[in-house]
Amino acid sequence: MNAAREEMLARVRAATADVVLQDLPPVPRDYVRRGGRSRREVVELFSRRVADYRAEVAVVSDPVAAARRILAVHGAARVGIAPDLPAELWPSGPELVEDRNLSPHELDALDGALTTCEAACAETGTIALTGRDGQGRRALTLVPDLHVCLVRAPDIVETVPELIERLGPSARLGRPIVLLSGPSATSDIELARVEGVHGPRRLVVLVYEEG
């Protein structure tokens with residue numbers, strides 16, 4: 001794979017060796033970088049956007065109790081969690097299986113996964129995962145058919161530029177960044193929607209205020 005990549009890049013360099021880039025127009029930066037909505041309005045907008053993607057979303061006061069109820073409703077008896085998921089977020093009831101390099105078959109045998117998130121964007125209904133602080137590795141949120149994500153209200157920003165800014169430190173450290181906008185879904189040329197192709201068919205987002 002690396003040899004093929006290098007060959008392709010070498011061909012591109014050879015083909016563009018005589019191209020001189022000059023007098024390029026400036027990149028416009030007059031787009032909205034920061035929103036002006038209140039915290040409540042940002043949470044409401046985020047919730048609407050997430051629901052538009054056919055995900056379940058709820059604003060809750062007790063995320064642990066809400067997670068316990070949601071997992072029970074979905075029949076999730078064995079739930080995968082990241083080893084560094086804070087103990088105060090562990091719901092009672094289901095068997096919690098720490099993902100310490102579980103194999104794909106072991107992940108597939110789970111009924112769901114419970115994680116936190118790094119940040120979220122209200123304008124797009126997008127959740128960002130970077131693998132730290134209870135978010136787990138990519139496989140944990142891609143293989144099980146159910147993903148329950150706990151989102152702190154302060155971690156929801158209004159605009160995409162704000163989200164990119166929040167993800168800057170993780171990007172500079174080379175951490176893998178996963179952006180989720182609803183359950184996994186795709187469609188063919190006839191626009192027939194198929195869910196669960198690239199990830200979980202069911203996404204449940206629980207928004208809460210910490211403390």
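In case you missed it, the structure is sitting above this.
All values reported here derive from a predicted model rather than from experimental measurement.

**What about unusual backbone geometry?**
- With phi around 60°, Asn 101 is a residue other than glycine that occupies positive phi space.
- Locating Asn 101 in the fold gives a position in the loop between strand 3 (95-98) and helix 4 (104-108).
- Looking at Asn 101, the relative accessible area reads 66%, which means it is exposed.

**Remarks on the environment of Arg 201**
- Its location among the elements puts Arg 201 in the loop between strand 11 (193-195) and strand 12 (202-208).
- In this structure the C-alpha to C-alpha distance between Arg 201 and Pro 144, which are 57 residues apart in sequence, comes to 8.9 Å.

**Some thoughts on the environment of Arg 39**
- Relative to the assigned elements, Arg 39 resides in helix 2 (residues 39-52).
- Between the alpha carbons of Arg 39 and Leu 150 there is a distance of 17 Å; along the sequence they are 111 residues apart.

**With respect to the pattern of salt bridges**
- Going through the model one piece at a time under the given rule, you end up with 16 salt bridges.
- The partner of Glu 118 in a salt bridge is Arg 132, with the nearest N and O atoms 2.9 Å apart. Taken together, the residues Glu 118 in the loop between strand 4 (112-115) and strand 5 (119-121) and Arg 132 in the loop between strand 6 (126-129) and helix 5 (138-142) connect sequence positions 14 residues apart.
- Judged by relative accessible area, which is 12%, Glu 118 ranks as buried.
- In this structure Arg 132 comes out as partly exposed when scored by relative accessible area, which is 32%.
- Across the pair Arg 132 and Asp 133 runs a salt bridge, and its minimum N-O distance is 2.7 Å.

**Side note on a nonpolar patch on the surface**
- Together, Val 19, Leu 21 and Leu 24 line one region of the surface with nonpolar side chains, adding up to about 340 Å² of accessible area.
- Following the sequence through the fold, Leu 21 ends up in the loop between helix 1 (2-15) and helix 2.
- For Leu 21, a relative accessible area of 67% translates into the label exposed.

**Side note on the sheet that holds strand 5**
- Taken together, four strands build an open sheet; the order of strands is 8-5-6-9 and the sheet is mixed. One side of each edge strand has no neighbouring strand; the edge strands of this open sheet are strand 8 (156-157) and strand 9 (178-180).
- Sheet strands touched by helix 6 (residues 160-172): strand 5, strand 6, strand 8 and strand 9. Its angle to strand 5, the strand with the most contacts, is close to 165°.

**Considering the side chain of Glu 118**
- A distance of 2.9 Å separates a polar atom in the side chain of Glu 118 from a polar atom in the side chain of Thr 130.
- A distance of 3.0 Å separates the side chain of Glu 118 from the side chain of Gln 135, its partner in a polar contact.
- Once residues within four sequence positions are removed from consideration, Glu 118 is found in contact with Ala 128, Thr 130, Arg 132, Gln 135, Asp 155, Arg 166, Leu 167 and Ser 170.

**Quick word on the side chain of Ser 47**
- If you trace the backbone, Ser 47 turns up in helix 2.
- Look past the residues within four positions of Ser 47 in its chain and what remains in contact with it is Val 57 and Val 59.

**Looking at the nonpolar core**
- One finds Phe 46, Ile 127, Val 151, Ile 156, Val 205 and Val 207 to be the most contacted residues of the largest nonpolar core, which totals 20 residues.
- Of all the secondary structure elements, the ones that give two or more residues to this core are helix 2, strand 6, strand 7 (146-152), strand 9 and strand 12.
- Ranked by residues supplied to this core, first place goes to helix 2 with five residues.
- Excluding its chain neighbours within four sequence positions, the residues that come into contact with Val 207 are Val 43, Phe 46, Val 57, Ala 58, Val 59, Val 60, Val 151, Ala 153 and Ile 156.
- Ranked by size, the runner-up nonpolar core spans 18 residues in total, among them Ala 67, Leu 71, Ala 76 and Leu 89.

Parameters at a glance
Once a new chain begins, its residue numbering starts again from 1 and follows that chain's sequence as written. In keeping with the predicted nature of the model, local features appear solely for residues at pLDDT of at least 70, side-chain atom pairs appear and are counted solely at 80 or more, and the whole-chain, interface and lining totals rest on all residues. Based on all heavy atoms of the structure, the side-chain values leave hydrogens and waters out of the count. Segments assigned H or I by DSSP are reported as helices when at least four residues long, segments assigned E as strands when at least two residues long, and all are numbered from the N terminus. With a 1.4 Å probe rolled over the protein chains alone, any residue whose accessible area is under 20% of its type maximum counts as buried; one over 50% counts as exposed, and the rest are partly exposed. The salt bridge criterion pairs a side-chain nitrogen of Lys or Arg with a carboxyl oxygen of Asp or Glu, the two atoms within 4 Å. Two joining distances apply to patches: 9 Å for like charges and 5 Å for nonpolar side chains (Val, Leu, Ile, Met, Phe, Trp, Tyr), and every residue must have over 30% relative accessible area and no salt bridge. For the accessible areas, the method is Shrake-Rupley and the probe is 1.4 Å, while residue cover comes only from the protein chains on display. Strand pairing is assigned whenever DSSP detects at least two bridges linking the two strands. Contacts are assigned to residue pairs with any non-hydrogen atoms lying within 4.5 Å of each other. Whenever a helix is involved, its axis is fitted only over the stretch in contact; in every case the axis is a line through C-alpha atoms, and angles between N-to-C directions fall within 0 to 180 degrees. Any pair of N or O atoms that falls within 3.5 Å is considered a polar contact. Within protein, one atom must be able to donate a hydrogen and the other to accept it, and sequence-neighbouring residues count only if both atoms are side-chain atoms. Residues enter a nonpolar core if they are buried and are Ala, Val, Leu, Ile, Met, Phe, Trp, Tyr or Cys, with the set joined through side-chain atoms within 4.5 Å.

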